[in-house]
Amino acid sequence: SKTKVVYAGGLTKIRGIKELILACNNLSDKIELILIGSWVSIEFEESCMNSIKGEYVNYLGYLKPEEIYQYLKACDIGIALLYPIKNYLVSIPVKAFEYLAAETAMIMSDFPLWKERFKNCAIHVNPYEINSITESIKLLINDVELRKKLISNGRSLVQNEYSWESESERLIKACKDL
């Protein structure tokens, strides 16, 4: 069966959608690319859709946030290929937590903050390098154990760093220190 690759969010140039499609063209017989979200413009949509080679893209359009999770859960690889724009470089993407919650292996931009924060639960690539994106997807298609390891590490990261339990310990300590 085909490996399911998903991107959920705004379908815009600076989120690396065109590069993702161009990278996936080389894998069209191995994957289903599921795109969820609204196109920024008709021009960009046409530019992306016209660059698809093969029948591997499943465009679901805009879905309500509560509907998205079931699709993420059914996918193997989640994509977050933002361009290195100033405010992206210093922010933590909500999308990463959505993929982590759905237990999806991730391919993300190689921003220093993201590499540090998600080092053991994602593969990091230059979002402009189509070849690197292709190779990373191919690696995750072929190496199911690596996918499982990334997901397991992601689960640990959420439990240890981003759960209410871990946050409450910090909060209690801060209150005691006051």
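Everything here concerns the structure above.
Residues numbered from 1 in each chain as written. Predicted model: local features only at pLDDT ≥ 70, side-chain atom pairs only at ≥ 80, totals over all residues. Heavy atoms only, no water.

Whenever I open this one, the overall build of the protein chain confuses me. Can you help?
Scanning the protein chain for helices and strands turns up nine helices and six strands. The C-alpha radius of gyration computed for the protein chain amounts to 17 Å, which stays within 12% of the reference 16 Å derived for 178 residues, consistent with globular compactness. Structurally, the protein chain occupies a C-alpha span of about 60 × 35 × 30 Å along its principal axes. For the protein chain, the residues scored as buried account for 42% of the 178 residues in total. Excluding contacts between residues fewer than 6 apart, the proportion of contacts in the protein chain whose partners are at least 24 apart in sequence is 69%. Summed over its atoms, the accessible surface of the protein chain is roughly 9600 Å², and 54% of this surface lies on carbon and sulfur atoms. In the protein chain, 22 positive and 23 negative side-chain charges are present, and the distance between their average locations comes to 3 Å. (Helix = DSSP H or I, 4+ residues; strand = E, 2+ residues; numbered from the N terminus. Rg over C-alpha atoms; globule rule 2.2 N^0.38 Å. Buried < 20%, exposed > 50% of the residue type's maximum accessible area, 1.4 Å probe, protein only. Contact = heavy atoms within 4.5 Å. Areas by Shrake-Rupley, 256 points an atom, 1.4 Å probe, with all protein chains shown as cover. Lys, Arg positive; Asp, Glu negative; His and termini not counted. Charge placed at Lys NZ, Arg CZ, Asp CG, Glu CD.)

Could you clarify how one ought to interpret the pairing of strand E2 (residues 31-36) in this entry?
When a strand is regular, its side chains alternate between the sheet's two faces. In terms of residue burial, E2 counts as a mostly covered element, since five of its six residues are buried. The sheet contact formed by strand E1 (residues 3-8) and E2 spans six bridges and is parallel. For Thr-3, the partnering residue across the bridge sits in E2 and is Ile-31. For the crossover from E1 across helix H1 (residues 17-25) to E2, the handedness is right-handed. Running through helix H2 (residues 42-49), the crossover from E2 to the neighbouring parallel element strand E3 (residues 57-61) is right-handed. (Pairing = 2+ DSSP bridges. Right-handed = clockwise from strand over helix to strand, strands pointing away.)

I tried to follow the pairing of strand E5 (residues 105-109) on my own but got confused; where do I start?
The buried count for E5 comes to five of five residues, which makes it a mostly enclosed element. Across four bridges, strand E4 (residues 77-80) lies against E5 in parallel orientation. Looking at E5, one finds that Ile-79 is bridged to Ile-107. Direction of pairing for E5 relative to strand E6 (residues 122-125): parallel, over a ladder of four bridges.

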